[in-house]
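Next come the chains, spelled out residue by residue.
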Amino acid sequence: MLFRILPSLALLFNVTTASYAFYVGKSLTADGSVMVGGTGEEVSSHWLEIFPAKDYPPNTTLEVGVTEQASMPGRRLNISQAAHTFRYISMEYSDYEGFPAPLTNGGVNEKGVAVRDVWAQNRDDLIAMTPNPQTGLQYSDLARIVMERASSAREGVEIIGQLISEYGYADYGGNSHLIADANEGWIVWEMSGGKKLWAAERLGTDVVRVLYPGYIENFPVDFENSTNYMGSPNIVSFAVEQGWWNPNSSEPFNVWKAYGTASGNYTARDGGYKYMSQAALENATLAMAPVTEKDLIARLRDFRIADDEAGYGQVVSLHPDMDPDLIRIWVAPTGSVTAPFNPWWLGVKSVPSEYGQHRYLTADAASTFLDPDFQSQEATDFACRIFKQVLYYTCSDPDAFLPIVQDMLHGFENASFADLSWVERSAELLVQNGQREDALDLLTFYAHTRAEKALALGKTMVNALDAYIKLTGRFRGPSGKRINDPGRGAETVNCLVGWDPDQPPFLQTPMRVQT
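Residues numbered from 1 in each chain as written. Predicted model: local features only at pLDDT ≥ 70, side-chain atom pairs only at ≥ 80, totals over all residues. Heavy atoms only, no water.

As annotated in an unreviewed UniProt entry, the protein chain carries the name Dipeptidase domain containing protein and is attributed to Curvularia kusanoi.

Encoded structure:
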């Protein structure tokens, strides 16, 4: 198979399996909401789950941290659980770097706080300082606890800071979180090294920020006196002690330069991460302003983002004074380049079995038999698997198949968008009339119906592509024996690697690369 690669992008392959996060300030959106979007990049099973609010008895504990099997070995520990946790919706997944399942990169809770987790690599000498075994909360623990406990984005940052101060932080080389509510967003960067280092920056209303990796640049040394920055007490002094920043120089303190991978051609916003830098993605999103949910979905569907590594896609708009049950999030069950975004509300009472946990790509599935408790669910189709099939067939001839597949996805999503006004208006009227349970039944029925129709669409596309490819003699079987790729840095399935979706094909300068 031949892929088209832009020469300027062809060498940008030195990346880590990570995730994307998009923040769009409310001054830049069409409806005045704060928008958050993202993907997850994990070689793992992904499924949708809605977690109810819960009350816990005194002295309840929560197990957190990483195991000795992690790439940077650790030891699990128990911390105090909150007396009450909030309802939230999240895409869960089953494995990453020896971190115990289930894991999450985030979602949105009943207070309208959205969370995204994104890798944010630290400098090698900081990573080398990490104790063995390391202890503390890891990235998924922090994302989940923020969704469980935070009533605002700022409170989410404070919760992360308090947890790291008390228990420490365990990781695989540095991580960040995007936390947003209807008023603002925050970037929190947690550092390797076992020194309880972290920094946070507030994002304004006229800002677009894309994380891949997460980054913070100039940072005030007197951040304690600012409402726009937070951090651990040693975030500046430790950099000075290590000689990573000279306070007597004219150069301002820069978190990226002090703690990040500031080497080679890497900068905070540019320099070769995957196929499109953060700066390019931020500029492309700014060019869409005023941004709509359809716009952000289109940006997440960018061919350079939504490939085989993208486990799912999410888009959420955060408005002031939202009814918790009517908070809506769009979720694609796998890489959205060939999968539709479906609407879900926090008030939805259940997730269809086809969107729940299955054994496809689940850790240890190849070495264990099915737990009988899951036999009925496992007997159902799995949305992630179906749309992976669409991806693999589509990528066998992307020039021919991708425009057709994406036209179908757009048509399906447009139908969902067209229904939103009457669905949500009806639910709001039912709530105002004291019929909240009926409103939740309506939202559940509509969400399930669209999810079922999405599955039917996926099956239709798989069957049509299968028939066409085989009947026309285009089916290509494997030439080797190895079904799994050899590891990080290897090629993954991508429909149009490096092809700029903002330019028509005839303006491109393709470079053919044999795969």
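Once the structure has been displayed, the description carries forward.
The secondary structure content of the protein chain amounts to 11 helices and 20 strands. In terms of overall size, the protein chain behaves like a compact globule, its C-alpha atoms giving a radius of gyration of 23 Å where 515 residues would be expected to give roughly 24 Å. Taking the principal axes of its C-alpha atoms as reference, the protein chain extends roughly 70 × 60 × 50 Å. Out of the 515 residues belonging to the protein chain, those deemed buried represent 56%. Restricting the contact set of the protein chain to residue pairs at least 6 apart, pairs at least 24 apart contribute 73%. Side chains of the protein chain give 40 positive and 63 negative charges; the mean places of these two sets differ by 4 Å. (Helix = DSSP H or I, 4+ residues; strand = E, 2+ residues; numbered from the N terminus. Rg over C-alpha atoms; globule rule 2.2 N^0.38 Å. Buried < 20%, exposed > 50% of the residue type's maximum accessible area, 1.4 Å probe, protein only. Contact = heavy atoms within 4.5 Å. Lys, Arg positive; Asp, Glu negative; His and termini not counted. Charge placed at Lys NZ, Arg CZ, Asp CG, Glu CD.)

Phe219, Ile235, Phe253, Val255, Tyr259, Leu318 and Trp344 are the most contacted members of the largest nonpolar core, which has 112 residues in total. Other than its neighbours up to four places away in sequence, leucine 318 contacts Ser33, Val34, Val36, Val108, Gly112, Ala114, Ala180, Asp181 and Ala182. Of all hydrophobic cores here, the second largest spans 28 residues; its members include Leu77, Tyr88, Ile145 and Val146. (Core = buried A, V, L, I, M, F, W, Y, C linked by side-chain atoms within 4.5 Å.)

Simply put, the disulfide is a covalent bond whose two ends are the sulfur atoms of two cysteines. Enumeration over the complete set of coordinates arrives at 1 disulfide. What pairs with cysteine 395 in a disulfide is cysteine 495, and their sulfur atoms sit 2.4 Å apart. Given an S-S torsion of about -110 degrees, the disulfide between cysteine 395 and cysteine 495 has left-handed geometry. Of this pair, cysteine 395 sits in the loop between helix H9 (383–394) and helix H10 (398–432) while cysteine 495 is found in the loop between helix H11 (436–471) and strand E20 (511–514), placing the two residues 100 residues apart along the sequence. For the pair cysteine 395 and cysteine 495, one class covers both residues: buried. Residue cysteine 384 stays outside any disulfide, its sulfur separated by 15 Å from that of cysteine 395, the closest cysteine. Take cysteine 384: its relative accessible area is 2%, and that puts it in the buried class. (Disulfide = S-S within 2.5 Å.)

Right, let's talk about the packing of aromatic side chains for a bit. Enumeration according to the criterion identifies 21 aromatic pairs in this entry. Ring geometry for tryptophan 245 and phenylalanine 253: centres 5.3 Å apart, planes at 65 degrees, overall edge-to-face. Between tryptophan 330 and phenylalanine 417, the aromatic rings sit 4.3 Å apart at their centres with planes inclined by 25 degrees, giving stacked as the arrangement. Of this pair, tryptophan 330 sits in strand E18 (residues 328–332) while phenylalanine 417 sits in helix H10; the two residues are 87 residues apart in sequence, bridging distant segments of the chain. Classification of tryptophan 330 as buried rests on a relative accessible area of 0%. (Phe/Tyr/Trp six-rings, centres within 6.5 Å; stacked < 30°, edge-to-face > 60°.)

What follows deals with the pattern of salt bridges. Using the criterion set out here, one finds 20 salt bridges in the structure. The salt bridge partner of aspartate 323 is arginine 436, with a shortest N-O separation of 3.0 Å. In this pair, aspartate 323 sits in the loop between strand E17 (310–318) and E18 while arginine 436 sits in helix H11, placing the two residues 113 residues apart along the sequence. The partly exposed category is assigned to arginine 436, whose relative accessible area is 32%. (Salt bridge = Lys/Arg side-chain N within 4 Å of Asp/Glu carboxyl O.)

Okay, unusual backbone geometry next. With an omega dihedral of 5 degrees, the bond running from asparagine 132 to proline 133 counts as a cis peptide bond. Across the junction of tyrosine 212 and proline 213, the peptide omega takes the value 5 degrees, indicating a cis bond. Residue position: proline 213 is located in the loop between strand E15 (208–211) and strand E16 (229–231). One non-glycine residue, lysine 196, adopts positive backbone phi at about 60 degrees. Relative to the assigned elements, lysine 196 resides in the loop between strand E13 (185–190) and strand E14 (198–203). Lysine 196 gets classed as partly exposed once you look at its relative accessible area, which sits at 36%.

Time to look at empty space enclosed by the protein. Scanning all chains against the criterion turns up 4 cavities of 30 Å³ or more. Space inside the largest cavity adds up to approximately 70 Å³. Put simply, the parts of the chain that give the lining of the largest cavity at least two residues each are strand E4 (46–51), E18 and H9. Here the lining of the largest cavity gets 3 residues from one element, more than from any other, and that element is E4. The class makeup of the residues in the lining of the largest cavity is 11 nonpolar, 1 polar and no charged. Volume-wise, the second largest cavity comes out at about 60 Å³. Ser19, Glu42, Asn105, Asp117 and Tyr172 are, among the 12 residues lining the second largest cavity, the residues nearest its centre. Across the lining of the second largest cavity, the residue classes break down as 6 nonpolar, 3 polar and 3 charged. (1 Å grid on protein atoms, 1.4 Å probe; cavity = no way out; pocket = protein on both sides within 12 Å on 5 of 7 lines; lining within 4 Å. Points joined across faces, edges and corners; volume = space filled by probe spheres on them. Nonpolar A, V, L, I, M, F, W, Y, C, P; charged D, E, K, R; others polar.)

Turning next to the side chain of aspartate 141. Turning to its location among the elements, aspartate 141 is positioned in helix H2 (residues 139–149). Arginine 76 provides the closest opposite charge to the buried, unpaired aspartate 141, separated from it by 4.8 Å. When near neighbours in sequence (up to four residues on either side) are disregarded, aspartate 141 contacts Val64 and Gly65.

In this section: the layout of surface pockets. Estimated volume of the second largest pocket: approximately 390 Å³. Around the second largest pocket, the lining comprises 24 residues; the ones closest to its centre are Leu62, Tyr88, Pro102, Arg144 and Glu148. Residue assignment for the lining of the second largest pocket shows that the elements contributing at least two residues are E4, strand E6 (61–64), strand E9 (88–93) and H2. Examining the composition of the lining of the second largest pocket, we find that 5 residues originate from one element, H2, more than from any other. Looking at the lining of the second largest pocket residue by residue, the classes come out as 12 nonpolar, 4 polar and 8 charged.

Looking now at the side chain of asparagine 342. Structurally, asparagine 342 is set in strand E19 (residues 342–345). A distance of 3.4 Å separates polar atoms of two side chains, one belonging to asparagine 342 and the other to tyrosine 355. Excluding residues within four positions of it along the chain, asparagine 342 makes contact with Ile329, Trp330, Val331, Tyr355, Phe412, Arg450, Ala451 and Ala454. (Polar contact = N/O pair within 3.5 Å; in protein donor to acceptor, adjacent residues only side chain to side chain.)

Take the packing of H2 against helix H3 (residues 153–167) next. Remark: H2 packs on H3, axes separated minimally by 10 Å, with the N-to-C direction vectors making an angle of 130 degrees. Here H2 lies oblique to H3, going by the angle between them. Crossing of H2 against H3: the hand is right-handed. Taking contact as the criterion, the partners of Leu142, Ile145, Val146 and Arg149 in H2 are, on H3, Glu155, Gly156, Ile159, Ile160 and Leu163. Each residue belonging to the contact of H2 with H3 can be placed in one class, and the counts come to 6 nonpolar, 1 polar and 2 charged. (Axes fitted to C-alpha atoms, helices over the stretch in contact; angles between N-to-C directions. Parallel < 35°, antiparallel > 145°, perpendicular 65-115°, else oblique. Left-handed = near helix turned anticlockwise from the far one by under 90°.)

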